[in-house]
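Letter by letter, the chains look like this.
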Amino acid sequence: MASETPSTKPYLIRALHQWCTDFGFTPFLAVFVDERVEVPMEFVKNNEIVLNISSEACHQLHIENDWISFQARFGGVPKKVLVPVTHVLAIYARENGQGMSFPFDPETKGPVDKGLGNQEATKTKSERPVLKIVK
């Protein structure tokens, strides 16, 4: 029965993000990075990245039950970020460090669907369609 109960993790992430926003703090997200996470790899250190998820730093932020997605600039270049909620290590306020950390087991398989249907989700990143912006 417990395995059927949805995780509280995405709800806690949303609540702490709202708390940071309400009190003028900058919400930071610490993420474990593997092949399921889409972030600029040049900013990853020791399989981890810390992301500023404030409204000033990112656009189109969606904190859903399985995925966190948004667009942000890294070194001035706009990038799309996609993080499985299972890979979130912590969310905290940059100014005071208050927040919450979460246990993480790299052996645990996170969601793979990304809303694309099982056939698309099983493709590697290099096989998936890519949207290119043409000027």
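Residues numbered from 1 in each chain as written. Predicted model: local features only at pLDDT ≥ 70, side-chain atom pairs only at ≥ 80, totals over all residues. Heavy atoms only, no water.

Within the element layout of this structure, glutamine 18 appears in helix H1 (residues 9–22). For glutamine 18, a relative accessible area of 42% gives the class partly exposed. In this structure, the C-alpha to C-alpha distance between glutamine 18 and serine 54, residues 36 residues apart in sequence, is 9.9 Å. In terms of polar contacts, glutamine 18 uses its side chain to reach the side chain of aspartate 22, at 2.6 Å. (Helix = DSSP H or I, 4+ residues; strand = E, 2+ residues; numbered from the N terminus. Buried < 20%, exposed > 50% of the residue type's maximum accessible area, 1.4 Å probe, protein only. Polar contact = N/O pair within 3.5 Å; in protein donor to acceptor, adjacent residues only side chain to side chain.)

In this model, the protein chain carries an average pLDDT of 84, and 77% of its residues clear a pLDDT of 70 or more. Considering only residues more than four positions removed or in separate chains, one finds that residues 113–128, a stretch of pLDDT under 50, has 16 contacts. (pLDDT = per-residue confidence, 0-100. Contact = heavy atoms within 4.5 Å.)

Every α-helical turn comprises 3.6 residues, leaving residues that sit three or four positions apart pointing alike. Between its first and last C-alpha, H1 extends 20 Å over 14 residues, near the 20 Å set by a 1.5 Å rise per residue. Those residues of H1 that sit buried are Lys9, Pro10, Ile13, Leu16, His17 and Cys20. Relative to the axis of H1, the buried residues are bounded by an arc of 130° and lie together on one face. Against the buried residues of H1 lie strand S1 (27–32), strand S3 (58–63), strand S4 (67–74), strand S6 (88–93) and strand S7 (99–101). Phi turns positive, to about 75°, at glycine 24, one or two residues after H1. (Expected span 1.5 Å × (residues − 1). Arc of directions from axis to C-beta.)

On to the sheet that holds strand S2 (residues 48–52), then. Adjacent strands of a sheet pair through backbone hydrogen bonds, lying either parallel or antiparallel. Read from one edge to the other, the open sheet built from 4 strands follows the order S2-S1-S6-S7, with strand pairing classed as antiparallel. The open sheet terminates on both sides in strands that have one partner only, identified here as S2 and S7. Across the sheet, the axes of successive neighbouring strands diverge by a mean angle of 15°, strand direction being ignored. Direction of pairing for S6 relative to S7: antiparallel, over a ladder of 3 bridges. Residue pairing across strands places tyrosine 92 opposite glycine 99, the latter belonging to S7. (Pairing = 2+ DSSP bridges. Axes fitted to C-alpha atoms, helices over the stretch in contact; angles between N-to-C directions.)

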